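Chain by chain, the residues run as shown.
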Amino acid sequence: MHVAMGWTRSLDSRAVPTNSNEAWRLLLVELGYAPDYIVVDGGTGLVNAVKDHYAGAVPLIPSLYHVRNNVTAALVRTPGDWVNTEHGKRPLDDLAEHLLTLRKKGLTGQREGLGNLVG
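Notes on the structure in this doc start here.

### Topic: the environment of Ser20
- Within the element layout of this structure, Ser20 appears in the loop between strand S3 (12-15) and helix H1 (21-31).
- In this structure, the C-alpha to C-alpha distance between Ser20 and Asn48, residues 28 residues apart in sequence, is 8.8 Å.
- A polar contact of 3.1 Å, which involves the side chain of Ser20, links it to the backbone nitrogen of Ala23.

### A short note on the nonpolar core
- By size, the foremost hydrophobic cluster in this structure holds 12 residues: Trp24, Leu27, Leu28, Leu31, Ile38, Val40, Leu46, Val47, Ala49, Val50, Tyr54 and Val58.
- Elements with a minimum of two residues in this core: H1, strand S4 (38-40) and helix H2 (44-54).
- The dominant element in this core, judged by the number of residues it contributes, is H2, at five residues.

### As for the side chain of Ser63
- Assignment of secondary structure puts Ser63 in the loop between strand S5 (60-62) and helix H3 (64-75).
- Residue classification places Ser63 among the buried residues on the basis of a relative accessible area of 12%.
- In terms of polar contacts, Ser63 uses its side chain to reach the backbone amide nitrogen of Tyr65, at 3.3 Å.

About the cut-offs
Residues numbered from 1 in each chain as written. Predicted model: local features only at pLDDT ≥ 70, side-chain atom pairs only at ≥ 80, totals over all residues. Heavy atoms only, no water. Helix = DSSP H or I, 4+ residues; strand = E, 2+ residues; numbered from the N terminus. Polar contact = N/O pair within 3.5 Å; in protein donor to acceptor, adjacent residues only side chain to side chain. Core = buried A, V, L, I, M, F, W, Y, C linked by side-chain atoms within 4.5 Å. Buried < 20%, exposed > 50% of the residue type's maximum accessible area, 1.4 Å probe, protein only.

Dropping the structure here:
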């Protein structure tokens, strides 16, 4: 199961109109089973719903996309870690290159340390 503002099981998919605990709990009830893990974006509605519904028994894994975006946003607020370009601020080249490893393709060589969490 992959949850990222919706869930997918087989060919079924659902969307949640709000990021509220109640909306996510309804979706988790409809799912009908406890998944091995859930990939989350860090929104409080989904995180709290999973913790409440499964009483902490289902691990939450942060989305690499959101981790990379949050780290990039923090870097461009840190003096000395960014450069100005015609498109706005971006991390220095060395930092930007390192951030590219925070994606599925960048982690393929590191699978042993991550188990099978990276598909």
